[in-house]
Amino acid sequence: MTGADGSDAECDFNRLYEAHRRTIHAYLLGRAGDREVARDLLQEVFLRAWRHLESGRALPAERQRAWIFTVARNLVIDVHRGNAAAAAVREYPELAVEPTAPAAEEPAARAELNERLALLERAIQHLPERLRVVLSLHVTGGLTSAQVGELLGEPAGTIRYRLSQARRQLAVELGEAR
């Protein structure tokens, strides 16, 4: 941290956060299967990154992405090892789904949208973790199958196949729910 006030470090951290928050959140959402838990984990990932910012700052920009994903992966491992996932579910009961799309003005349309979003969220939670992670990184994180493959150490073709499986399973589950 170069400035006496840490301003250079703060700027570097802000750049790191803005560059990677969406993809890290998508990864965590895929692993946790719950939006609130993923948000809490995201906060913890960047808290850890702040604590060890000098390690990340020393890396070239192209390696910082791998570094922050390693921080996220290690956090997920820590959570699983401590069986904190079960505790997190108890601590964060399912909340009402907030629509991310603009809600219609009519209460009936808003209620229908909330119901459809809740149905979709439950269907996504029923996906196997490997499919949920790939789908979250692709859709929420906005990554291509090649980028997802690079992050997960898998070929892009495998990622495309898993995306196809996830979509197919969601279609079946949502079709059965109607």
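Above this text is the structure in question.
Anyway, here's the lowdown on the structure attached to this text. Please read all numbers here as calculations on a predicted model, not as lab measurements. In every chain, residue numbers begin from 1 and rise along the written sequence. Whole-chain, interface and lining totals are the exception, using all residues; otherwise, since this is a predicted model, local features are given only for residues with pLDDT of at least 70 and side-chain atom pairs are given and counted only at 80 or more. Calculated side-chain values reflect all of the structure's heavy atoms, with hydrogen atoms and water omitted.

1. Points about the overall build of the protein chain
A tally of helices and strands in the protein chain yields nine helices and zero strands. Where helices and strands are cited, they refer to DSSP runs of H or I of at least four residues and of E of at least two residues respectively, numbered from the N terminus. Starting at the N terminus and walking to the C terminus, you meet the elements of the protein chain as α-α-α-α-α-α-α-α-α. The buried share of the protein chain, taken over its 178 residues, is 31%. In this analysis, two residues are considered to be in contact whenever any of their non-hydrogen atoms come within 4.5 Å of each other. Restricting the contact set of the protein chain to residue pairs at least 6 apart, pairs at least 24 apart contribute 64%. Accessible surface is estimated by sampling points in the Shrake-Rupley manner with a 1.4 Å probe; for residues, cover comes only from the protein chains shown. Summed over all atoms, the accessible surface of the protein chain reaches about 10800 Å², with 52% contributed by carbon and sulfur. Throughout this description, buried means an accessible area under 20% of the type-specific maximum (1.4 Å probe, protein chains only), exposed means over 50%, and partly exposed covers the range between.

2. A word on the nonpolar core
The criterion is simple. A nonpolar core is a set of buried Ala, Val, Leu, Ile, Met, Phe, Trp, Tyr and Cys residues joined through side-chain atoms within 4.5 Å. Formed by 37 residues in total, the largest nonpolar core has its most connected members in I24, Y27, L28, V45, F46, I68 and L137. Those elements giving two or more residues to this core turn out to be α1 (7-32), α2 (35-51), α4 (61-81), α7 (129-139) and α9 (156-177). The residues touching L28, leaving out its near neighbours within four places in the chain, are G33, A38, L41, L42, V45, A72 and V76.

3. Notes on the packing of α7 against helix α8 (residues 145-152)
For helices, the fitted line uses only the C-alpha atoms of the stretch in contact; every axis is such a line through C-alpha atoms, and the angle between N-to-C directions lies from 0 to 180 degrees. Running from N to C, α7 and α8 point in directions that differ by 130°, and their axes come no closer than 9 Å. When the axis of α7 is compared with that of α8, the two are oblique. Here the hand of the crossing between α7 and α8 comes out right-handed. Mapping the contact onto sequence places V133, V134, L137 and H138 in α7 and S145, V148 and L152 in α8. The classification used treats Ala, Val, Leu, Ile, Met, Phe, Trp, Tyr, Cys and Pro as nonpolar, Asp, Glu, Lys and Arg as charged, and all other residues, Gly among them, as polar. When grouped by side-chain class, the residues that make up the contact of α7 with α8 number five nonpolar, two polar and no charged. Angles below 35 degrees are treated as roughly parallel, those above 145 as roughly antiparallel, those between 65 and 115 as roughly perpendicular, and all remaining angles as oblique. Left-handed describes a crossing whose near helix is turned anticlockwise from the far helix through less than a right angle; right-handed describes the clockwise counterpart.

4. Quick notes on α2
An ideal rise of 1.5 Å per residue puts 24 Å on 17 residues; α2 measures up with 24 Å between its terminal C-alpha atoms. Looking only at α2, the buried set comprises V37, A38, L41, L42, V45, F46 and A49. Seen from one end, α2 has its buried residues packed into an arc of 165°, which puts them on one side. α2 presents Q43 and R51 as exposed residues on the side facing more than 90 degrees away from its buried surface. The term polar contact refers here to a pair of N or O atoms within 3.5 Å; inside protein, the definition further demands a hydrogen-donor-capable atom paired with an acceptor-capable atom, and it admits residues adjacent in sequence only when both atoms are side-chain atoms. Where α2 begins, the capping side chain belongs to D34, and its oxygen is found 3.0 Å from the backbone nitrogen of E36. Multiplying one less than the number of residues by 1.5 Å gives the expected span of a helix. As used here, the arc is the angular range of directions from the helix axis to the C-beta atoms.

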